[in-house]
Amino acid sequence: MATSNANTKPRDTWGSKLGFVMAAAGSAVGLGNIWKFPYTAGESGGGAFVAIYLIFVIFIGFSVMLTEFAVGRKTGLSAVGAFKSTDRRWTFVGVIGVISGLLIMGFYPVVGGWSLAYIQKIATGLLDTPEAIGGSFGAFISDPVQPLLWMALYLVLNIVIVIKGISGGIEKAGKILMPLLFIILIIVSIRGLMLPGSIEGLKFLFNPDFSKVDSSVILAALGQAFFSLSLGMGCMITYGSYLKKKENLVQTTAMVTAMDTSVAILAGVAMFPAMFAFGMEPTAGPGLVFGVVPQLFAEMGGMVGLLLALLFFVGLSVAALTSSVSLLEVVVSYLIDEKGMKRTTAVLLSAVVMALLCIIASLSLGGVGPTLFDVGAFDIFDLLTDKIFLAVGGMLVCIFAGWRLNREDLKKEITNDGDVSFPLFNLWYNLVKYVIPFAIAIVAIAGVKGGFDAGKGEIMVLGLVMIAVTALFSKKL
Ligand code: PHE
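As the structure is a computational prediction, the values presented were derived from the model and not from experiment. For every chain, the first residue of its written sequence is number 1, and the numbers climb from 1 along that sequence. With pLDDT at 70 or above as the cut-off, local features in this predicted model cover only qualifying residues; side-chain atom pairs require 80 or more to be listed or tallied, and sums for whole chains, interfaces and linings still use all residues. To get the side-chain values, take all heavy atoms of the structure and skip hydrogens and water.

A. Representation of the overall build of the chain within the structure. Secondary structure elements follow DSSP: runs of H or I of four or more residues count as helices, runs of E of two or more count as strands, with numbering from the N terminus. Across its full length, the chain holds 21 helices and two strands. Principal-axis analysis of the C-alpha atoms places the extent of the chain at approximately 60 × 50 × 45 Å. Buried residues are those whose accessible area, probed at 1.4 Å on protein chains only, stays under 20% of the maximum for their type, while exposed residues exceed 50% and partly exposed ones sit between those limits. A total of 477 residues make up the chain; the buried ones form 60% of that total. A contact between two residues is defined here by any heavy atoms of the two lying within 4.5 Å. Nonlocal contacts in the chain, meaning residues at least 24 apart in sequence, comprise 83% of its contacts between residues at least 6 apart. Using a 1.4 Å probe, the Shrake-Rupley method yields the accessible areas, and only the shown protein chains count as cover for residues. If you sum the accessible surface of the chain, you get close to 17,700 Å²; carbon and sulfur atoms cover 67% of it. Taking the average place of the 32 positive charges on the side chains of the chain and the average place of its 29 negative ones, the gap between the two points comes to 11 Å. In this tally, Asp and Glu contribute negative charge and Lys and Arg positive charge; neither His nor the terminal groups of the chain are included. Taken as the charge location is NZ of Lys, CZ of Arg, CG of Asp or CD of Glu.

As structure tokens, then:
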């Protein structure tokens with residue numbers, strides 16, 4: 001075994017089956033569903049984007065998640081070790097995952113901090129003046145100091161949870177707070193649907209107009225599927241490595257995928273009807289949820305509106321936390337397993353790097369700091385991971401499983417040596433071996449080409465170059 005730790009101490013496993021599903025769902029359900037999905041759908045034309053996203057979730061997301069769980073559990077190692085222990089030439093795929101984790105953590109805590117800030121803003125009277133809600137978001141995120149303080153608080157919460165270790169911190173947080181968030185979203189949805197004119201929002205979300213689709217929309221849908229399901233960066237490999245041999249991987253994958261996707265769709269239903277009723281623009285961008293939700297509750301007025309708004313942002317913050325701890329965990333378990341670091345040291349070291357990236361990202365929203373090809377740091381980290389790293393990472397995991405691992409070994413792993421029946425094994429295997437790598441390559445190439453029209457192509461090419469360089473130097477890793 002390639003690890004120092006695994007030799008001396010049995011690997012920590014999940015306390016219970018439900019605990020694992022909830023923790024994996026906790027990783028999947030986060031800002032990706034409630035913050036990113038609605039605004040990306042809004043910017044990408046609505047229904048057609050949603051339809052393509054759903055197709056990608058079912059055919060690509062499900063298969064990749066099952067692959068990641070299987071690779072993780074089979075090797076019992078985190079992202080890098082899982083590849084390295086099989087074949088050193090594949091180590092770079094794990095390393096790409098660790099880099100993705102760092103890059104996503106270069107902006108995720110910024111948004112997590114916004115969510116925390118909104119708890120305070122609402123508690124101290126933001127809802128009293130509904131007219132001010134729209135403008136206050138822009139002013140807040142471009143402020144040089146305030147968002148940084150909230151981001152720091154958010155990062156500290158991550159550090160505390162991850163230092164406590166896998167079954168202690170993460171599992172408990174997920175179990176209690178995920179159901180709460182689901183209920184709040186349902187209430188928000190019902191409330192929005194009761195407003196006059198809200199039906200237009202549903203039409204926007206579910207009536208696909210495929211004439212609006214271009215290669216950028218398709219790549220955005222693919223990226224959204226990977227981001228939202230926490231795929232393509234070794235996160236689910238790491239989680240799978242903590243999974244007991246008797247758990248049913250197929251069922252677990254189905255449950256996590258279903259939960260994640262229903263929360264995203266529910267977030268869309270919570271957002272768009274209200275937006276259309278208020279006459280807001282669906283292309284509002286990253287401020288969407290921070291504008292619509294407080295507005296909705298402000299219109300409701302009174303204590304109930306205030307309480308629900310508070311609960312919403314508490315729920316969003318917790319959903320964000322259970323996701324970002326999984327990102328941090330990928331980086332941390334790499335440092336523990338491969339570099340022999342102590343957990344506390346690994347957490348603190350990673351957090352320092354993340355904090356630095358987040359500071360640059362947060363400042364970039366106020367127009368401060370360096371840009372590359374006219375794109376600021378926040379958008380660079382988002383573009384690199386969401387559009388390039390995760391999709392390519394997912395593609396490589398599939399190629400690894402399909403072409404490097406043994407078919408029979410995979411079958412044994414997924415069916416628990418024949419105990420679990422998986423009649424779709426052949427379909428899954430062929431998807432992973434042939435269809436998905438090919439499909440991702442086409443979508444990514446077309447998407448990068450399309451990205452040049454939007455002034456983002458250079459950054460995407462940079463992402464591809466970073467991956468190639470990582471692959472070249474993988475022997476040293
Ligand atoms: N899936 C998380 C979300 O939707 C983000 C994430 C991406 C977490 C990749 C882990 C790995 O917010």
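From this point on, the discussion continues.
B. Expanded view of helix α19 (residues 407–414). Among all positions of α19, only L410, E413 and I414 are buried. For α19, the angular spread of the buried residues around the axis is 90 degrees, confining them to a single face. The elements touched by buried residues of α19 are α4 (47–75), α14 (249–278), α18 (377–404) and α20 (425–451). The backbone nitrogen of E408 has a side-chain oxygen 2.8 Å away, supplied by the residue at the start of α19, namely N406. In this context, the arc is that of the directions from the helix axis out to the C-beta atoms. Whenever two N or O atoms come within 3.5 Å, that pair is a polar contact, provided that in protein one can donate a hydrogen and the other can accept it, and provided that, for residues adjacent in sequence, both atoms are side-chain atoms.

C. Examining the site of the ligand more closely. Residues are labelled near a given molecule or strand when at least one of their non-hydrogen atoms is within 4 Å of it. Close contacts around the ligand come from 15 residues, with A28, G32, Y108, F227 and S230 the closest. The backbone of G32 places a nitrogen or oxygen atom 2.8 Å from an oxygen atom of the ligand. Take N33: an N or O atom from its side chain is 3.2 Å from an oxygen atom of the ligand. Against a free-state accessible area of 320 Å², the protein chains account for coverage of 100% of the ligand. For this scheme, ten residues count as nonpolar: Ala, Val, Leu, Ile, Met, Phe, Trp, Tyr, Cys and Pro. Four count as charged, namely Asp, Glu, Lys and Arg, and the remainder, Gly too, count as polar. Within the shell around the ligand, the residues separate by chemical class into seven nonpolar, eight polar and no charged.

D. Layout of the pattern of salt bridges. Definition used for salt bridges: Asp or Glu carboxyl oxygen within 4 Å of a side-chain nitrogen of Lys or Arg. Following the criterion strictly, the structure yields 11 salt bridges and no others. A salt bridge links D87 to R89; the nearest nitrogen and oxygen atoms lie 3.0 Å apart. Among the residues examined, D87 registers a relative accessible area of 8% and is labelled buried. Taking the relative accessible area as the measure of exposure, R89 reaches 58% and is therefore exposed. Within the structure, one salt-bridge network assembled from shared partners comprises K36, D382, D386 and K387.

E. Expanded view of the nonpolar core. What is meant by a nonpolar core is a set of buried Ala, Val, Leu, Ile, Met, Phe, Trp, Tyr and Cys residues, joined one to another through side-chain atoms within 4.5 Å. Judged by nonpolar contacts, the single largest core of 169 residues is most densely connected at W35, W114 and F312. Here the element with the most residues in this core is helix α16 (residues 302–339); it accounts for 18 residues. Sequence-distant contacts of W35, defined by excluding residues within four places in its chain, comprise F107, V111, W114, P286, V289, F290 and F378.

F. Focus on the side chain of S241. Assignment of secondary structure puts S241 in helix α13 (residues 235–241). A relative accessible area of 6% places S241 in the buried class. A polar contact is formed between the side chain of S241 and the backbone oxygen of T238, at a distance of 2.6 Å.

G. Fine view of the packing of helix α11 (residues 199–206) against α14. Axis angles are defined between N-to-C directions and span 0 to 180 degrees, where every axis is a line fitted to C-alpha atoms and, for a helix, only to the segment in contact. Direction vectors running N to C along α11 and α14 enclose 135 degrees, while the axes themselves pass 6 Å from each other. Taken together, the axes of α11 and α14 lie oblique to each other. In this structure, α11 crosses over α14, and the sense of that crossing is right-handed. Contacts between α11 and α14 involve E200, G201, L202, F204, L205 and F206 from the former and I265, G268, V269, F272, P273 and F276 from the latter. Note on angle classes: values under 35 degrees are labelled roughly parallel, values over 145 roughly antiparallel, values of 65 to 115 roughly perpendicular, and the remainder oblique. Handedness of a crossing follows from how the near helix is turned relative to the far one, being left-handed for an anticlockwise turn of less than a right angle and right-handed for a clockwise one.

H. Looking closely at the state of the cysteines. Criterion for a disulfide: a pair of cysteine sulfur atoms at a distance within 2.5 Å. Throughout the structure, instances matching the rule amount to zero disulfides. Lacking any disulfide linkage, C358 is separated from the closest cysteine sulfur, that of C235, by 17 Å. With relative accessibility at 0%, the residue C358 sits in the buried group. Cysteine C398 is unpaired, with the sulfur of C235 as its nearest cysteine sulfur at 16 Å. Since its relative accessible area comes to 0%, C398 is described here as buried.

I. Region of the structure containing the side chain of Q295. Turning to its location among the elements, Q295 is positioned in helix α15 (residues 288–300). Judged by its relative accessible area of 13%, Q295 is buried. Among residues more than four places away in sequence, those in contact with Q295 are P130, I133, F278 and M280.

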